[in-house]
Amino acid sequence: MMQSGVPPCTTCGEPVGFDSNGEVFVACHECNFPICKSCFDYEIKEGRKVCLRCSTPYDESTTMPDVETNQSSNHSTMASHLSNAQDVGIHARHVSTVSTVDSELNDDSGNPIWKNRVESWKEKKSKKKKATSKAKAEVPPEQQMEEKQSADASLPLSEVIPLPRNKLSPYRCVIVMRLIILALFFHYRVTNPVDSAYGLWLTSIICEIWFAVSWVLDQFPKWTPINRETYIDRLSARYEREGEPSELAAVDFFVSTVDPLKEPPLITANTVLSILAVDYPVDKVSCYVSDDGSAMLTFESLVETADFARKWVPFCKKFSIEPRAPEFYFSQKIDYLKDKIQPSFVKERRAMKRDYEEFKVRVNALVAKAQKTPEEGWTMQDGTAWPGNNPRDHPGMIQVFLGHTGAHDIEGNELPRLVYVSREKRPGYQHHKKAGAENALVRVSAVLTNAPFILNLDCDHYVNNSKAVREAMCFMMDPQVGPNVCYVQFPQRFDGIDRSDRYANRNTVFFDVNMKGLDGIQGPVYVGTGCVFNRQALYGYGPPNLPSLQKASSSSSSCSWCGCCSCCCPSKKPSKDLSEVYRDSKRDDLNSAIFNLKEIDNYDEHERSMLISQRSFEKTFGLSSVFIESTLMENGGVPESANSPALINEAIHVISCGYEEKTEWGKEIGWIYGSITEDILTGFKMQCRGWRSIYCMPLRPAFKGSAPINLSDRLHQVLRWALGSVEIFLSRHCPLWYGFGGGRLKWLQRMAYINTIVYPFTSLPLIAYCTLPAICLLTGKFIIPTLSNLASVWFLGLFISIILTSVLELRWSGVSIEDLWRNEQFWVIGGVSAHLFAVFQGFLKMVAGLDTNFTVTAKAAEDGDFGDLYIIKWTTLLIPPTTLIIVNMVGVVAGFSDALNSGYEAWGPLFGKVFFAFWVILHLYPFLKGLMGRQNRTPTIVVLWSVLLASVFSLVWVKINPFVQKVDGSATAQACISIDC
């Protein structure tokens, strides 16, 4: 019978009992977790000395002396084993040794104690009444803390959180139902042609089939969406033990910029400052800034940034402020005193804001000075000419700021390394724009710091979450997950966008829906910024655990379509062509070299050169023995014997314009050339080799950037993305046929990549489909015959399935209906403008060799009151959407006029046509609103061209009238005579 006021034991269900003082027994004085004395004694005897609920070590006064003494000696041995292992120099990639030792502190199976208390209850039940009292022994508090940290270190650093069944199952059912209804709908449409408007009917059928294929390519990669959760505290417990050097892996940050007049130096400076102030060991962080325009303005602003960082970095770390980009920190409208308990904070914040305003004045003065270039070129402070006065013909330049060899902060602490890099450029050489600049940074960083991981950012994307690097390391440094991960991609978030997000700049549907779906297959695509790379994956190597090719006679637990289920039939072994066999064998040779030459540091110079030449690494990586040696160091780092001057000279060598000649750079290693959207191509090549990627979405966005919010710049940005997709489609790397020989790319993943390269071609059927409503209204014809009851059911079912799919997608993703509607609207706007021009430009480049210049999207230094939202710049991209709006409006007016003249019978067919026309106008409404601007003014040339095209189009259709049956003139005359007209 339960005693009054005594809680039951959570393990055995019996009363917890009383201690020797007659009070209710309490094992944990932190959370008062109810556990009886018998169960508690058994836990102590088994070596489990932390609370099951809060993981707080038990008080020494409550533990049993004999058991505790034995466990103390055992654990001391384990602790010494750990310290000895760490003295050897265990690197982050070999943490499985540490994890194995720590698992001994839990139980024989290596699982946490709270997961096994039910299984061990049968043993404890027979022993709970045999506890005896013995002399108490004390356990040092340091050992108790070490036990708690060891328990945390043995746990996984991240966890996959599948979607609940009540959200995912209905979503999948509706997708299948929609696919069935779509098949029945097309059966009706094909078997019921419209004879009076056969051309319109055939055009609509072709367009609808293409839209259905596009929907399948977009929908099924979202079949298995997942969420992930990281545990930064466990990462610290495993790799940052108190009193020992940090074992976290080093990270090299890449920041790329081209034109400081379009990409303001103040924005780049904020990005650099946020990197230097990240919450990560300073000796593990290096920031490389690529100036591909060789602008002296960028160099001088970086000098000012390095000087201001000496004040900014210690201020950020002292008060733990977020974000750590000063422009955005001081401009946020929040209570900055929240959670700040230091009395000196207000005073220091005021002083720091004053210092930042002075820093802005100095940088803006440099920008004002750079508006007009002197005739003789720029001159440095020592009187010598700036080497980069000619941005197309200049030597390579490297300058190292800060770091252990440079200036410290104002408190005397070391700062992360900051390096300015401008690669050599000469006429007659292909420099490959951003991809070439990133590859130059890969080589420079390998020579100078050689961190095993690389994080690349655009110059306008600052670090919004100071713990973002730790979030990524929870995947990269996890012994179970990390070895097969090529990169960790973070979603892009933006500042300075209007509240309604008129032009879908946030891309919320893509980042919060599509990318989560891909994460459940083989990982998200690389989107160009906010991505942490495994350096070995960039070198063209395959993952340590390559997925084996499935044989036709054997079944596998991993589905070749999605990689997540065993419901599919075993796939047949793909056949390899000779080129694929050659590439695989070459890659295997490189893999064997990288993973077998572990002891290269033990070789002398002659042996190293022999190994390098024997492996023919020069043909792959270029003529630099220092760089090639760095590629053989799987765990990163530079040789201790290397001296700084020699490394700088070698770094200058690896960024020379001819270094990549006759190598695999841009073909198989590094950022891949051949498209202005090098990000999609680079990630695709990695996943074809068997790597997988990870999508990390921390609660606080990791990075934030700026987006072009006015209509013209936004369309040009979309044009560049679409043109890159067309270039990939027309290249040898097209996902429709590339990489089948390896069999390492999941089918659903391939489907997603196919969707990323074929979506611009949807513009052709889309612009035809948006023109059909106007044609129907002007001619009195329609693309659909008179509906029967069965046909009405199919049409109604299709609309309902479309709505249900969207609703259920919103339900599991958390995206708002406004974001979904904006995405649909801009899909139409971009499809009838930028995507259409991208298709024609891509084919012109292939047929006529006409190259398209890369246009840098302008970044605003200050957003103001969304002033840029209303700016209209002339571009030919504005003509097709404007023409469609005018044509459909003319069609609606003509349709109503015809119905008024024709009588009551004409109103029924009119509603279907008008609904079709309004569907087009509603989707183009944000474009129309942006076209009018703040003062309802539009460039005259846009109005003239659009009205001209719409008028000509309407007059031609009225004159030709191709869908109206011709009337015999003699019959008309005879009718007139008969009625005496």
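Residues numbered from 1 in each chain as written. Predicted model: local features only at pLDDT ≥ 70, side-chain atom pairs only at ≥ 80, totals over all residues. Heavy atoms only, no water.

Participant: Before we move on, can you summarise the overall build of the chain with the specific residues and values?
Facilitator: Within the chain one finds 33 helices and 13 strands. Buried positions account for 52% of the 981 residues belonging to the chain. Put simply, 79% of the contacts in the chain that link residues at least 6 apart link residues at least 24 apart. Counting every atom, the chain has about 45300 Å² of accessible surface; 57% of that belongs to carbon and sulfur. (Helix = DSSP H or I, 4+ residues; strand = E, 2+ residues; numbered from the N terminus. Buried < 20%, exposed > 50% of the residue type's maximum accessible area, 1.4 Å probe, protein only. Contact = heavy atoms within 4.5 Å. Areas by Shrake-Rupley, 256 points an atom, 1.4 Å probe, with all protein chains shown as cover.)

Participant: With reference to specific residues and values, describe the pairing of strand S4 (residues 285-291).
Facilitator: The buried count for S4 comes to seven of seven residues, which makes it a mostly enclosed element. Residues of S4 alternate between two faces, with Val 285, Cys 287, Val 289 and Asp 291 on one and Ser 286, Tyr 288 and Ser 290 on the opposite face, all of them buried. Sheet topology note: the strand S3 (residues 251-257)/S4 ladder contains seven bridges and is parallel. Residue pairing across strands places Ser 256 opposite Ser 290, the latter belonging to S4. Handedness of the S3-helix H9 (residues 265-276)-S4 crossover: right-handed. (Pairing = 2+ DSSP bridges. Right-handed = clockwise from strand over helix to strand, strands pointing away.)

Participant: Tell me about the packing of helix H13 (residues 433-448) against helix H21 (residues 644-654), residues and numbers included.
Facilitator: Orientation of H13 relative to H21, taken along the N-to-C sense of each, is 165°, at an axis distance of 9 Å. Between H13 and H21, the interaxial angle falls into the category roughly antiparallel. Handedness of the H13/H21 crossing: right-handed. Contact residues: H13 offers Arg 443, Val 444, Val 447 and Leu 448, while H21 offers Leu 647, Ile 648, Glu 650, Ala 651 and Val 654. Counted by class, the contact of H13 with H21 contains seven nonpolar, no polar and two charged residues. (Axes fitted to C-alpha atoms, helices over the stretch in contact; angles between N-to-C directions. Parallel < 35°, antiparallel > 145°, perpendicular 65-115°, else oblique. Left-handed = near helix turned anticlockwise from the far one by under 90°. Nonpolar A, V, L, I, M, F, W, Y, C, P; charged D, E, K, R; others polar.)

Participant: Which residues make up the nonpolar core, and what are the values?
Facilitator: Core analysis: the biggest nonpolar cluster contains 125 residues, and Val 444, Phe 533 and Phe 627 have the highest contact counts within it. Of the residues forming this core, the biggest block, nine residues, is contributed by helix H6 (residues 165-191). Other than its neighbours up to four places away in sequence, Phe 533 contacts Pro 452, Phe 453, Ile 454, Asn 456, Met 476, Cys 486, Tyr 487, Tyr 526, Leu 538, Trp 671 and Met 686. Counting residues in each nonpolar core, the second largest holds 72 residues, with Tyr 356, Trp 386, Cys 459 and Val 488 among its members. (Core = buried A, V, L, I, M, F, W, Y, C linked by side-chain atoms within 4.5 Å.)

Participant: Give me the lowdown on the environment of Ile 767, citing residues and values where you can.
Facilitator: Mapped onto the elements of the fold, Ile 767 is located in helix H25 (residues 763-779). As for Ile 767 and Pro 881, which are separated by 114 residues in sequence, their C-alpha atoms are 8.9 Å apart. Those residues in contact with Ile 767, other than ones at most four positions away along the chain, are Val 832, Leu 836, Pro 880 and Leu 884.

Participant: Please set out the packing of aromatic side chains residue by residue, giving values where relevant.
Facilitator: Considering all chains together, one arrives at 43 aromatic pairs under this definition. Relative to Trp 671, the ring of Tyr 526 lies with its centre 6.4 Å away and its plane at 65°, an arrangement referred to as edge-to-face. Linking Tyr 526 in the loop between helix H15 (508-519) and strand S11 (531-534) with Trp 671 in the loop between H21 and helix H22 (678-688), this pair joins segments that are 145 residues apart in sequence. Classification of Trp 671 as buried rests on a relative accessible area of 0%. Each residue in the set Phe 308, Trp 312, Phe 315, Phe 319, Tyr 329, Phe 330, Phe 345, Tyr 356 and Phe 359 is aromatic and connected to the rest through ring pairs, giving one cluster. A cation sits over an aromatic face here: Arg 234 above Tyr 231, 3.9 Å from the ring centre. Positioned above the aromatic ring of Trp 665, the side-chain terminus of Arg 443 is 4.8 Å from the ring centre. (Phe/Tyr/Trp six-rings, centres within 6.5 Å; stacked < 30°, edge-to-face > 60°. Lys NZ or Arg CZ within 6 Å of the ring centre and 35° of its normal.)

Participant: Tell me about the sheet that holds strand S7 (residues 453-458), and name the residues and values.
Facilitator: With mixed pairing, the eight strands of this open sheet are ordered in space as S5-S6-S4-S3-S7-S11-S9-S12. Either end of the sheet is taken by a strand with one partner, and the two such strands are strand S5 (397-402) and strand S12 (692-695). Each neighbouring strand pair of the sheet contributes to a mean axis angle of 20°, computed without reference to strand direction. Together, S3, S4, S5, strand S6 (417-422) and S7 form the strand contacts of H13, whose direction differs from that of S3 by roughly 145°. Where helix H14 (residues 468-476) meets the sheet, it contacts S3, S7, strand S9 (485-489), S11 and S12, and its direction lies at approximately 150° from that of S9.

Participant: Describe in detail the packing of helix H7 (residues 198-219) against H25, supporting the description with residues and values.
Facilitator: Two elements in contact, H7 and H25, have axes whose closest approach is 9 Å; the angle formed by their N-to-C orientations is 145°. In terms of crossing hand, the pair formed by H7 and H25 is left-handed. Touching Leu 200, Thr 203, Ser 204, Cys 207, Glu 208, Trp 210 and Phe 211 of H7 are Pro 765, Leu 766, Ala 768, Tyr 769, Leu 772, Ile 775 and Cys 776, all from H25. Of the residues that constitute the contact of H7 with H25, the class distribution is eleven nonpolar, two polar and one charged.

Participant: If you had to explain the pattern of salt bridges to someone new, which residues and values would you point to?
Facilitator: Applying the stated criterion across every chain, the model contains 26 salt bridges. Here Asp 279 ties to Lys 467 by a salt bridge, and the two come within 2.5 Å at their closest N and O atoms. Of this pair, Asp 279 sits in the loop between H9 and S4 while Lys 467 sits in the loop between strand S8 (462-463) and H14; the two residues are 188 residues apart in sequence, bridging distant segments of the chain. In this structure, Lys 360 and Glu 327 form a salt bridge, with 3.3 Å as the shortest nitrogen-oxygen distance. Placement of the pair is Lys 360 in helix H12 (residues 345-369) and Glu 327 in helix H11 (residues 326-331), with a sequence separation of 33 residues. Residues participating in the shared-partner salt-bridge network are Glu 240, Asp 279, Lys 467 and Arg 470. (Salt bridge = Lys/Arg side-chain N within 4 Å of Asp/Glu carboxyl O.)

Participant: Requested: an account of unusual backbone geometry, with residues and values cited.
Facilitator: In the segment running from Glu 322 into Pro 323, the intervening peptide bond is cis, with an omega of -10°. With respect to the secondary-structure elements, Pro 323 resides in the loop between helix H10 (296-319) and H11. Residue Lys 433 is not a glycine yet carries a positive backbone phi of 50°. Of note, Lys 433 is situated in helix H13. Residue classification places Lys 433 among the partly exposed positions, given a relative accessible area of 36%. Within the chain, Asp 501 stands out as a residue other than glycine whose phi angle is a positive 50°. Tracing the backbone shows Asp 501 in the loop between strand S10 (493-495) and H15.

Participant: Residues and numbers for the sheet that holds S8, please.
Facilitator: Strand order in this open sheet of three strands is S8-S13-S10, and the pairing throughout is mixed. Taken across any chain shown, the strands that pair with only one partner, and hence form the sheet edges, are S8 and S10. Sheet topology note: the S8/strand S13 (residues 703-706) ladder contains two bridges and is antiparallel. When the sheet's bridge partners are listed, Val 463 is paired in S13 with Phe 703.

Participant: Please give an account of the side chain of Asn 464 that cites residues and values.
Facilitator: Inspection of the secondary structure assignment puts Asn 464 in the loop between S8 and H14. Relative accessible area serves as the criterion here: at 5%, Asn 464 is assigned to the buried category.

Participant: Describe a nonpolar patch on the surface, naming the residues involved and giving the relevant values.
Facilitator: Together, Met 177, Leu 796, Ile 800 and Leu 804 line one region of the surface with nonpolar side chains, adding up to about 340 Å² of accessible area. Sorting elements by how many residues they give to the nonpolar patch places helix H26 (residues 789-813) first, with three residues. You can see Ile 800 is positioned in helix H26. (Patch = residues over 30% accessible without salt bridge, like charges linked within 9 Å, V, L, I, M, F, W, Y side chains within 5 Å.)

Participant: An account of the pairing of S7 is needed here, citing residue identities and associated values.
Facilitator: Burial of S7 is extensive: six of the six residues sit out of reach of the surface. Judged by which residues are buried, S7 turns out to be covered on both faces: Phe 453, Leu 455 and Leu 457 on one side and Ile 454, Asn 456 and Asp 458 on the other are all buried. Where S3 meets S7, six bridges bridge the pair, whose relative direction is parallel. Bridging across to S7, Phe 253 finds its partner in Leu 455.

Participant: Before we move on, could you go through the confidence of the model for the chain and cite the residues and values that matter?
Facilitator: On average, residues of the chain carry a pLDDT of 77, and 72% of them reach 70 or more. With pLDDT under 50 throughout, residues 566-583 is counted as low confidence; its partners more than four residues away or in other chains account for 30 contacts. Considering only residues more than four positions removed or in separate chains, one finds that residues 589-601, a stretch of pLDDT under 50, has 25 contacts. (pLDDT = per-residue confidence, 0-100.)

Participant: Describe the environment of Val 626, listing the residues and the values that go with them.
Facilitator: Take Val 626: it is sitting in helix H20 (residues 625-631). Distance in space between the C-alpha atoms of Val 626 and Val 447 is 6.6 Å, their sequence separation being 179 residues. When neighbours within four sequence positions are excluded, Val 626 is seen to be in contact with Val 447, Leu 647 and Glu 650.

Participant: Report on helix H8 (residues 232-239), specifying residues and quantitative values.
Facilitator: Within H8, six of the eight residues are buried, leaving the element largely enclosed by the surrounding structure. The complete set of buried residues in H8 reads Ile 232, Arg 234, Leu 235, Ala 237, Arg 238 and Tyr 239.

Participant: Describe helix H23 (residues 711-729), naming the residues involved and giving the relevant values.
Facilitator: Its 19 residues give H23 an end-to-end C-alpha distance of 27 Å, which sits within 8% of 27 Å, the value for a rise of 1.5 Å per residue. In terms of burial, H23 is largely enclosed, as 16 of its 19 residues are buried. (Expected span 1.5 Å × (residues − 1).)

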